[in-house]
Amino acid sequence: MHKDNQPLIFEITKAGRIGYSLPELDVPEIDLSSHLPEGLLREESPELPEVSELDIMRHYTALSNRNHGVDTGFYPLGSCTMKYNPKINEAVARFPGFAHIHPLQDESTVQGAMEMMYDLQVHLEEITGMDEVTLQPAAGAHGEWTALMMIRAFHEANGESHRTKVLVPDSAHGTNPASATVAGFDTVTVKSNEFGLVDIDDLKSKVGPDTAALMLTNPNTLGLFEEDILQMAEIVHGVGGKLYYDGANLNAVMAKARPGDMGFDAVHLNLHKTFTGPHGGGGPGSGPVGVTKELAPFLPKPILVKEDDRYTFKYDVPQSIGRVKPFYGNFGIYLRAYTYIRSMGPDGLKAVTENAVLNANYMMRRLEPYFDLPYTQHCKHEFVLSGRRQKKLGVRTLDMAKRLLDFGFHPPTIYFPLNVEEAIMIEPTETESKETLDSFIDTMIQIAKEAEENPEIVQEAPHTTVINRLDETKAARQPVLRYTKEKEPVNV
Amino acid sequence: MKHRYIPMTETDREEMLSAIGIATVDELFEDIPEKVRFKGELNIKPAKAESALTKELAQLAAKNADARTYASFLGAGVYDHYKPIIVDHVISRSEFYTAYTPYQPEISQGELQAIFEFQTMICELTGMDIANSSMYDGGTSLAEAGTMAAGHTRRTKILVSETVHPEARDVVASYAAGQFIDVVTIPHKDGVTDMAELEELLDDNTAAVLVQYPNFFGQVEDIQKIGDITHAKGGLLVVSANPLALGVLTPPGKLGADITVGDAQPFGISEQFGGPHCGYFATTKKLMRKMPGRLVGETTDSEGRRGYVLTLQAREQHIRRDKATSNICSNQALNALAASVAMTALGKAGTKEIAYQNIAKTAYAKSAFEKAGFEVKYGGYHFNEIVVALKKPVKEVNAKLLEKGFIGGYDLGLTYPELSNHVLIAVTEQRTKEEIDALVQEMEALHA
């Protein structure tokens, strides 16, 4: 094994060590074989670690030191809204009255939890301008699917099951077309125009009697506000379709414009993005969906209702699309979002948007002289540069992203959206200071200079990380997806 | 306004506006059409300072009856188990919880390696070849197993045993509807899947049979036989398994499972009113390229150092877009980490002991109920749940039990009409003999 390898927990195990403290058994011992059907008593124990409690803490502390989070440093990952994760959220989520309540307890014993849920729904309805909200979906993609299933149910209820097409702009998140597919629709791609916005003529040519919905992110993934939104709503509604809002970019317009006022019929939010979830290394998320009155009968069940001063779950919802998740969604995550909204208030949320947009525009204008900027109008909360100028010098966007690692920054989202060559998608968020932005900008400018004067240093980056670029082709061609004891260690 | 999460000062703002070449922030929003610009103030509650908000939310939490204050005998898919204290210490390291999906492996080796270890532990417990990095929960994971089986076999019907968690079955039905797949329920007989009905319902268009192990009633089913019957017709066996029970149960991988799913909540994840928990998804090498979700694989760098990357991404939505078989993107990474820490702490010996204790305590509870004159329904083998017949409505009994400091079991009549006045009692290693005796005594008194 290479001397620099970080040991796996399975490699520091020693037979006989334990890391647990189970209660003493205070009931009579049993003979397991007489309590299980024949052949179902496990013969071989699972090869799980045998380590002490300190071994575990050292192991995971070492792993955490090999990981970059928002608390480590700047994380301008476009479309992901990597803002600060408030610590009050973490404290609240661990109150026993929230952390240790069971979803199937009698409703009378969980009124506090249900009150929070109801109040959060009311807050999200106001923020999005929608009539009703469900908290059930577990993440953004899950919310997309939930809303599309509702739209499908709506069309079917109207005897219009021939509406099988969902329109998606070419700049859309990958989840949009994938969600359309798993909700049983066919996807039709709508082109962008030279300003990075939806091409209205192309949209007009693609809508028709088979249109179920148009899925739109506004601002779009280029960070640009779709100025023709009202016209687009008219076109889609005109043919009987529905308008779907992907809330991934809500941090750009919160308290400045509401999807409901733009004509959207359904909206999903990413509470782990805009509302400080946190991101958890990839989840858990939370993806509530808001809808108009017209779509409300199709909401997933149960529906949380307030009767006098009592909260209750309603299961008798005849037109509901059914249950999309056991229980009531990712309570622990939307509780954090609720805490955040209550920490910010109306003027706080407005300040969030204003500062997020100010930060993005400041960065964009300062970087504009050094990189290609395909769309030059003011951006919203994020913007997309193109690395094509540097590519001509032999330095790709990937190289520049890797070079940023040497300076302690998490790189922006790269190679997305797909309609920008060598894309670099930067989203600073409102929680970063001007000093941090300046430091990142100066580094980007330095890298642009390096690309001209000393390209090798960029091409061979990173130079300071615990590991160099990894062989991804090998990982995919000869997949090793788990540790096995017998396996020869790699590169002895 | 000033806020502790927003660092810009007035001076900063002036400098930035001037660098942009504008006078006011409002100019940046002029691209929003006048007609849709939101001009007022959001009608939401005003901001609250940290101490006051903490107090308010603590009071709200105190309105709920929690399993730290009450002795809980409620399970039905979500359990009060031993959660090693170190779990919260590890997942509170903000290098983990403030990161996102590990797109940049050079600075995400911690998360990637943790996932690789999670994948390994799930494989070890389930006896499957490959496990992904997590799914939302056990219910959606089961639903994705059903749609994956339909896609793989190109068949359009799936059978689900009535002994699978009712809410999970609902989710399976919703997902299946999305892809025009028919779902048929196999009735139960004496608390286990009715084999005769299974053979009757199974046909050449059946993509998969979905069963739970141990099942919703706490019974350990003969999944090998179900698998044999299913395979004979070319269908796949999908097993939803409680991973904690696999400390002592023969793993589904050894019993013919093609896909094993479940929820890792019993390992170190708090109940949290039902979420977030942590779905897992494991399958065979043969089905590897059909599986949903993120996968982490081992590789090396230019100097031969071992490292981990997201791999086989050609399956996923961000590459395949409308050709993807699943739309999952964000998953339950932090909870997979929590489960990994708990599985590590319990380790080889502890996973066996904890599962053993669940069976021993449940056996004790069963005999205590029987001695007190209760009928414990279904004579089969129990893991940590039993079905007890009552003479009164469960809701009424549970209300009385609450006054005595107990959270009672699950009211089976809510989802199985033939089982009204039957309660599903869960007994984990957390419940003491004293608590079990006291529960039985109180219920006996209520019965009289």
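Residues numbered from 1 in each chain as written. Chains lettered and ligands numbered in written order. Predicted model: local features only at pLDDT ≥ 70, side-chain atom pairs only at ≥ 80, totals over all residues.

To continue, consider the overall build of chain A. Along chain A, the regular secondary structure elements total 16 helices and 12 strands. By the compact-globule yardstick of 23 Å for 492 residues, chain A fits well, its C-alpha radius of gyration being 26 Å. Its C-alpha atoms give chain A principal-axis dimensions of about 75 × 70 × 45 Å. A burial count over chain A gives 57% of its 492 residues as buried. (Helix = DSSP H or I, 4+ residues; strand = E, 2+ residues; numbered from the N terminus. Rg over C-alpha atoms; globule rule 2.2 N^0.38 Å. Buried ≥ 20, exposed ≤ 12 C-beta atoms within 10 Å, placed from the backbone.)

For the rest of this paragraph, the subject is the interface of chain B and chain A. Interfaces are often sized by the accessible area lost when the parts come together. In this assembly, 170 residues from chain B lie in contact with 178 residues from chain A. Looking at the side of chain B that touches chain A element by element, the count peaks at 24 residues for helix H11 (residues 333-371) of chain B. In terms of residue class, the side of chain B that touches chain A is made up of 81 nonpolar, 51 polar and 38 charged. (Contact = placed C-beta atoms within 7 Å. Nonpolar A, V, L, I, M, F, W, Y, C, P; charged D, E, K, R; others polar.)

The subject of this paragraph is the sheet that holds strand S6 (residues 266-269) of chain A. Residue and element names in this part refer to chain A. Overall, mixed pairing links the seven strands, which are arranged S1-S7-S6-S5-S4-S2-S3 in an open sheet. Both outer strands of the open sheet, strand S1 (132-134) and strand S3 (186-190), are each paired with one neighbouring strand and no more. Shown here is a sheet whose adjacent strand axes are inclined to one another by a mean of 25°, direction ignored. Relative to strand S7 (residues 289-291), S6 runs antiparallel, the two sharing three bridges. Residue Ala266 lies in a different strand from S7, and its bridge partner there is Val291. Contacts from helix H7 (residues 175-182) reach strand S2 (165-169), S3, strand S4 (211-216) and strand S5 (242-247) within the one sheet, and its direction differs from that of S2 by about 175°. (Pairing = 2+ DSSP bridges. Axes fitted to C-alpha atoms, helices over the stretch in contact; angles between N-to-C directions.)

The subject of this paragraph is the nonpolar core. In terms of nonpolar packing, the biggest core is built from 289 residues, with Met150 and Ala266 of chain A together with Leu210 and Val238 of chain B touching the most fellow members. Those residues in contact with Met150 of chain A that lie beyond four places of it in its chain are Ala266, Val291, Leu295, Phe298, Leu299 and Ile321 of chain A. (Core = buried A, V, L, I, M, F, W, Y, C linked by C-beta atoms within 7 Å.)

In this section: the domain arrangement of chain A. What the domain assignment reports for chain A is domain 1 (9-65), domain 2 (88-343) and domain 3 (353-467). Measuring from the centre of the C-alpha atoms in domain 1 of chain A to the corresponding centre in domain 2 of chain A gives 42 Å. (Domains from an automatic or database assignment.)

Residue and element names in this part refer to chain A. Two elements in contact, helix H5 (residues 111-128) and helix H11 (residues 331-367), have axes separated by 10 Å at closest approach and are oriented at 60°. Classified by the angle between their axes, H5 and H11 sit oblique to one another. In this structure, H5 meets H11 at a crossing whose hand is left-handed. Residues Met116, Leu120 and His123 of H5 lie in contact with H11, whose contacting residues are Tyr334, Leu335, Tyr338 and Ile341. (Parallel < 35°, antiparallel > 145°, perpendicular 65-115°, else oblique. Left-handed = near helix turned anticlockwise from the far one by under 90°.)

Read from one edge of the open sheet, three strands run S10-S12-S11 (chain A), paired in antiparallel fashion. Each edge of the open sheet carries a strand with a single partner, namely strand S10 (383-386) and strand S11 (413-414) of chain A.

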